[in-house]
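# Structural features, examined
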Amino acid sequence: MVKPSQNSSGRPLAQGRDDFTAFVADIVEAVRAAGCATGRGLTTAEVARRYRVGEDRVRAWIKSGLLKAVNTADVACGKPRFVVLPEALAEFERTRSPAPRRRRPSNQIDFFPDSDAA
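These remarks concern the structure in this document. Please read these numbers as outputs of a predicted model, since none were measured by experiment. (Residues numbered from 1 in each chain as written. Predicted model: local features only at pLDDT ≥ 70, side-chain atom pairs only at ≥ 80, totals over all residues. Heavy atoms only, no water.)

Next up on the list: the overall build of the chain. Counting secondary structure elements, the chain contains four helices and three strands. Across the chain, the fraction of contacts at a sequence separation of at least 24, relative to all contacts at a separation of at least 6, is 32%. In the structure as shown, the chain presents an accessible area of about 10800 Å², 53% of it carried by carbon and sulfur atoms. (Helix = DSSP H or I, 4+ residues; strand = E, 2+ residues; numbered from the N terminus. Contact = heavy atoms within 4.5 Å. Areas by Shrake-Rupley, 256 points an atom, 1.4 Å probe, with all protein chains shown as cover.)

Structure follows, in structure tokens:
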């Protein structure tokens, strides 16, 4: 007996776990074949925790373009829900590497410099 694809109300029937697992595996394989990364992204809260800053700072980095993220919100006009992909995070870390600190020039005047002229 063949199972119908829709129930009496016209909605599709729920697929089994095996069907869903095969479906996800097919999608992952197609994404890899296309050359895209399949790593799990980080939320703004996870990025903020990683860099010990506030979520507002992370959203400011995203808004300014320093950190690339994908908006996964259900509605475009709603509150944004950003996910930062691992490649974007690696690029952000590479461009924001800490610079060596410079010493400020001293405002003191050395009236008796050490010299070997004496």
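This next bit is on helix α2 (residues 44-51). All buried positions along α2 are accounted for by Thr44, Val47 and Ala48. Angular distribution of buried residues about the axis of α2 spans 100°; they occupy a single face of the element. For α2, the secondary structure elements touched by its buried residues are β1 (42-43), α3 (55-64), β3 (82-84) and α4 (86-95). In the segment just after α2, Arg52 is the residue with positive phi, at about 55°. (Buried < 20%, exposed > 50% of the residue type's maximum accessible area, 1.4 Å probe, protein only. Arc of directions from axis to C-beta.)

Reading across from one edge, β1-β3-β2 is the order of the three strands in this open sheet, with antiparallel pairing throughout. Because the sheet does not close on itself, it has two edges, and the strands there are β1 and β2 (70-71). Where β2 lies against β3, two bridges are found, and the strand directions are antiparallel. In the sheet register, Val70 faces β3, and the bridge partner there is Val83. (Pairing = 2+ DSSP bridges.)

Listed in full, the buried residues belonging to α3 are Val58, Trp61 and Ile62. Along the axis of α3, the buried residues cluster in a sector spanning 100°; they form a single face. Exposed and facing more than 90 degrees away from the buried side of α3 are Asp56, Lys63 and Ser64. After α3 finishes, the residue Gly65 shows a positive phi value of roughly 95°.

All right, on to the packing of aromatic side chains then. As enumerated under the stated definition, the model contains three aromatic pairs in all. Summarising the aromatic geometry, the rings of Tyr51 and Trp61 are spaced 6.2 Å apart at their centres and angled 80° between planes, so their arrangement reads as edge-to-face. Taken together, the residues Tyr51 in helix α2 and Trp61 in helix α3 connect sequence positions 10 residues apart. Overall, Tyr51 belongs to the partly exposed group, its relative accessible area being 26%. Among the residues examined, Trp61 registers a relative accessible area of 9% and is labelled buried. Measuring from centroid to centroid gives 4.9 Å for Trp61 and Phe92, while their planes differ by 45°, and the two rings are tilted. Here Trp61, found in helix α3, pairs with Phe92, found in helix α4; they are 31 residues apart in sequence, far enough to count as distant. Accessibility classification places Trp61 together with Phe92 in one group, the buried group. Here a set of aromatic residues connected by ring pairs shows up, and it is made of Tyr51, Trp61 and Phe92. (Phe/Tyr/Trp six-rings, centres within 6.5 Å; stacked < 30°, edge-to-face > 60°.)

Interpretation in functional terms is not warranted from these geometric data alone.
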